[in-house]
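# Understanding the architecture of this molecule
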Amino acid sequence: GRLPAAAAVEEGPVEGGPPDHSYSLSSGTTSEELLRKLNEQRDIIALLEVKMKEMKGSIRRLRLAEAQLREEIREKDRLLHAASAGTRKRHGL
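Report follows, based on the coordinates. All values reported here derive from a predicted model rather than from experimental measurement.

## Thoughts on the pattern of salt bridges
- Scanning the model with the defined rule gives four salt bridges in all.
- Across the pair Arg70 and Glu66 runs a salt bridge, and its minimum N-O distance is 2.8 Å. With Arg70 and Glu66 both in helix 2 (residues 31-92), this residue pair falls four residues apart, about one helical turn.
- The class of Glu66 is partly exposed, set by a relative accessible area of 38%.

## Comments concerning a positive patch on the surface
- Together, Lys53, Lys56, Arg60, Arg61 and Arg63 make up a positively charged patch on the protein surface.
- Inspection of the secondary structure puts Arg61 in helix 2.
- The class of Arg61 is exposed, set by a relative accessible area of 56%.

Rules and cut-offs
- Residues numbered from 1 in each chain as written.
- Predicted model: local features only at pLDDT ≥ 70, side-chain atom pairs only at ≥ 80, totals over all residues.
- Heavy atoms only, no water.
- Salt bridge = Lys/Arg side-chain N within 4 Å of Asp/Glu carboxyl O.
- Helix = DSSP H or I, 4+ residues; strand = E, 2+ residues; numbered from the N terminus.
- Buried < 20%, exposed > 50% of the residue type's maximum accessible area, 1.4 Å probe, protein only.
- Patch = residues over 30% accessible without salt bridge, like charges linked within 9 Å, V, L, I, M, F, W, Y side chains within 5 Å.
- Areas by Shrake-Rupley, 256 points an atom, 1.4 Å probe, with all protein chains shown as cover.
- Lys, Arg positive; Asp, Glu negative; His and termini not counted.
- Charge placed at Lys NZ, Arg CZ, Asp CG, Glu CD.

Below, the structure written as structure tokens:
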């Protein structure tokens, strides 16, 4: 029977040499190529993880900024209400 791909990866051909196994994957990929692809994917995944962390950070910052803005708006509303209440009282006198 054919050996599993993992075995082919572990004992791949010598650097630059042709595949020395009849059971190398059907597409003709050598273990070197497989390892290179795996490493590329690992790099991509690592980059994506960094990007996700950055995005989480900016989301957190945006939420904080939003909270601060809401607080400022509440404060301005209070001042406006107080001011309009004051003018109403003044007119009433």
